Amino acid sequence: MTKRFRTETLALHASRKVDPVTGAVSPPLYLSTTFQRDADGGYSTGFEYIRDGHPNREMLERTLAALEFGTDAIAFSSGTAASLAVFQSIGRGHIIATHDAYHGTLHQLADLVAGWGTEISFVDTTSLAEVTHAIRDDTRLLWIETPSNPLLRVSDIAALHELIHGRNIALAVDNTIATPIMQQPLALGADIVVHSSTKYIGGHSDVAGGVVVGRDHPILESARNYLVRAGAVPSAFDCWLMQRSIATLPLRARLHAENALALAHFLDQHDSVTQVDYPGLSTHPDHTVAARQMNGFGGVLSFRVNGGEAEAMRVAACVRLFIRATSLGGVESLIEHRASVEGPDSHAPANLLRLSVGIENVDDLITDLSHALDAISS
Ligand SMILES: Cc1ncc(COP(=O)(O)O)c(C=O)c1O
């Protein structure tokens, strides 16, 4: 089924079937954590115990694998658990990682993974020269986040694949901000895709999850083993909610991106804004790469106000429609001062605000930001 249909159809039908017992159109939610053995001791349904496998999780995994053109997907209880499953599979080998990645991923690498004896080089992965320079004989993983967080820099997936080809280095992409709708890294040569499905895949700020997807790569087996042994499994209800949300992901992703592009153009013209970080703008340093490898530029953007932290905080204080909250990818628009959320080791500029652009009417979003920016206009 997965090869024959396009994204919107797969989002709905990749793993759904009408329940043969009741005729229910909506997929059933199975709350059971354990499953009956056959008289001969076998498990002919394929399910035994929740950590090993579960019908709602399996349904979700099949849908995510189809959307990302993978052969397998492994669903976790958070994006953080999913990234850790990939990092642990490397053993003591060297990892190269995007330096402008989600703050929690940087901390996971520096605080946890490095403690296992793994060495990590944080580099600007938009620069092939920097990545080339960082490669060592024992490099086993190139981890990129594209678009990155919070500067929305775009790494060239196909070019990085070419660069490491034949070197026994896996290319893993955190595709959270792009969504499987706007970017399919496996089709561009990546080995592994990771999402925080807490974001666009869940899409309603009410469920946490993560996923690792790939195509016949050994990291998949290691990540599934890690899921079962470490136990970071999503609940049946969380899987059911994710599955339901994915049906509208193509629609939502497109509207998030359309609204973000309109806001980026508005902010770019505003006297109180000194810079807009959004790959959809032709002035963005990675616009050409983004236009080539993405089907739209995503729903997250950052902008820098005229002034410093005080002015940025003032703008955030004056919005009425945008909600001051961390995270991204939900239907509602959020605004966030990343430097103060991340703390003293943040590399986010003090005058930067990050927007997760929701699916409200874009004119209302523009009016809201326009009023808030008036607070710092001279
Ligand atoms: C790009 C990105 N990757 C990974 C994560 C971690 O995901 P989670 O919060 O689901 O553990 C986040 C969370 O904000 C993120 O923004």
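Residues numbered from 1 in each chain as written. Predicted model: local features only at pLDDT ≥ 70, side-chain atom pairs only at ≥ 80, totals over all residues.

1. Quick look at the sheet that holds strand S4 (residues 139–145)
Across a sheet, paired strands are connected by hydrogen bonds in the backbone, their directions being either parallel or antiparallel.
Right, so step 1: Spatial strand order, S1-S7-S6-S5-S4-S2-S3: 7 strands in an open sheet with mixed pairing. Each end of this open sheet is capped by a strand with a single partner; those strands are strand S1 (72–76) and strand S3 (120–123). Across the sheet, the axes of successive neighbouring strands diverge by a mean angle of 20 degrees, strand direction being ignored.
Right, so step 2: Contacts from helix H8 (residues 218–230) reach S1, strand S5 (170–174), strand S6 (192–196) and strand S7 (210–214), with the element oriented near 30 degrees to S1. (Pairing = 2+ DSSP bridges. Helix = DSSP H or I, 4+ residues; strand = E, 2+ residues; numbered from the N terminus. Axes fitted to C-alpha atoms, helices over the stretch in contact; angles between N-to-C directions. Contact = placed C-beta atoms within 7 Å.)

2. Observations concerning the site of the ligand
Right, so step 1: Taken together, 16 residues are adjacent to the ligand, and Ser78, Gly79, Thr80, Ser196 and Thr198 come closest.
Right, so step 2: In terms of residue class, the shell around the ligand is made up of 3 nonpolar, 11 polar and 2 charged. (Near = placed C-beta within 6 Å. Nonpolar A, V, L, I, M, F, W, Y, C, P; charged D, E, K, R; others polar.)

3. Regarding the domain arrangement of the protein chain
Right, so step 1: One can read the domain layout of the protein chain as domain 1 (7–246) and domain 2 (249–374).
Right, so step 2: Using C-alpha coordinates to define each centre, domain 1 is positioned 26 Å away from domain 2.
Right, so step 3: Contacts between the two partners involve 30 residues from domain 1, matched on the other side by 31 residues from domain 2.
Right, so step 4: Elements that contribute at least two residues to the side of domain 1 that touches domain 2 include exactly helix H1 (7–13), helix H6 (157–164), helix H7 (179–182) and helix H9 (236–246).
Right, so step 5: In terms of residue class, the side of domain 1 that touches domain 2 is made up of 16 nonpolar, 10 polar and 4 charged. (Domains from an automatic or database assignment.)

4. Regarding the nonpolar core
Right, so step 1: Core analysis: the largest hydrophobic core is formed by 112 residues, its most contacted members being Val212 and Leu301.
Right, so step 2: Counting residues per element, this core draws most heavily on helix H10 (residues 249–268), which supplies 9 residues.
Right, so step 3: Residue contacts for Val212: discarding those within four places in its chain leaves Ala73, Ile74, Ala82, Ala85, Val86, Ile192, Val194, Leu220 and Ala223. (Core = buried A, V, L, I, M, F, W, Y, C linked by C-beta atoms within 7 Å. Buried ≥ 20, exposed ≤ 12 C-beta atoms within 10 Å, placed from the backbone.)

5. Quick word on the packing of helix H2 (residues 55–67) against H9
Right, so step 1: Two numbers describe how H2 lies on H9: the axes approach to 8 Å, and their chain directions differ by 35 degrees. Where H2 crosses over H9, the two elements pack in a sense that is left-handed. Facing Asn56, Arg57, Met59, Leu60 and Thr63 of H2, the residues of H9 in contact are Ala236, Cys239, Trp240, Met242, Gln243 and Ile246.
Right, so step 2: For the contact of H2 with H9, the per-class residue count stands at 7 nonpolar, 3 polar and 1 charged. (Left-handed = near helix turned anticlockwise from the far one by under 90°.)

6. Observations regarding the environment of Glu221
Right, so step 1: Position of Glu221 relative to the elements: it lies in helix H8.
Right, so step 2: Each C-alpha atom, one on Glu221 and one on Thr126, is 29 Å from the other, the two residues being 95 residues apart in sequence.

7. A look at the sheet that holds strand S9 (residues 300–305)
Right, so step 1: Spatially, the 5 strands line up as an open sheet ordered S8-S9-S12-S11-S10, and their pairing is mixed. With partners counted over all chains shown, the strands left at the sheet margins are strand S8 (273–277) and strand S10 (323–324), one partner each.
Right, so step 2: Relative to S9, S8 is paired through 4 bridges, and the arrangement is antiparallel. Within S9, the position partnered with Asp277 by the bridge is Ser302.
Right, so step 3: Each of S8, S9 and strand S12 (352–356) is contacted by H10, which is oriented at about 10 degrees to S9, the strand it contacts most.
Right, so step 4: Along the sheet face, helix H12 (residues 309–318) touches S9, S10, strand S11 (334–336) and S12 and points at about 30 degrees away from the line of S12.

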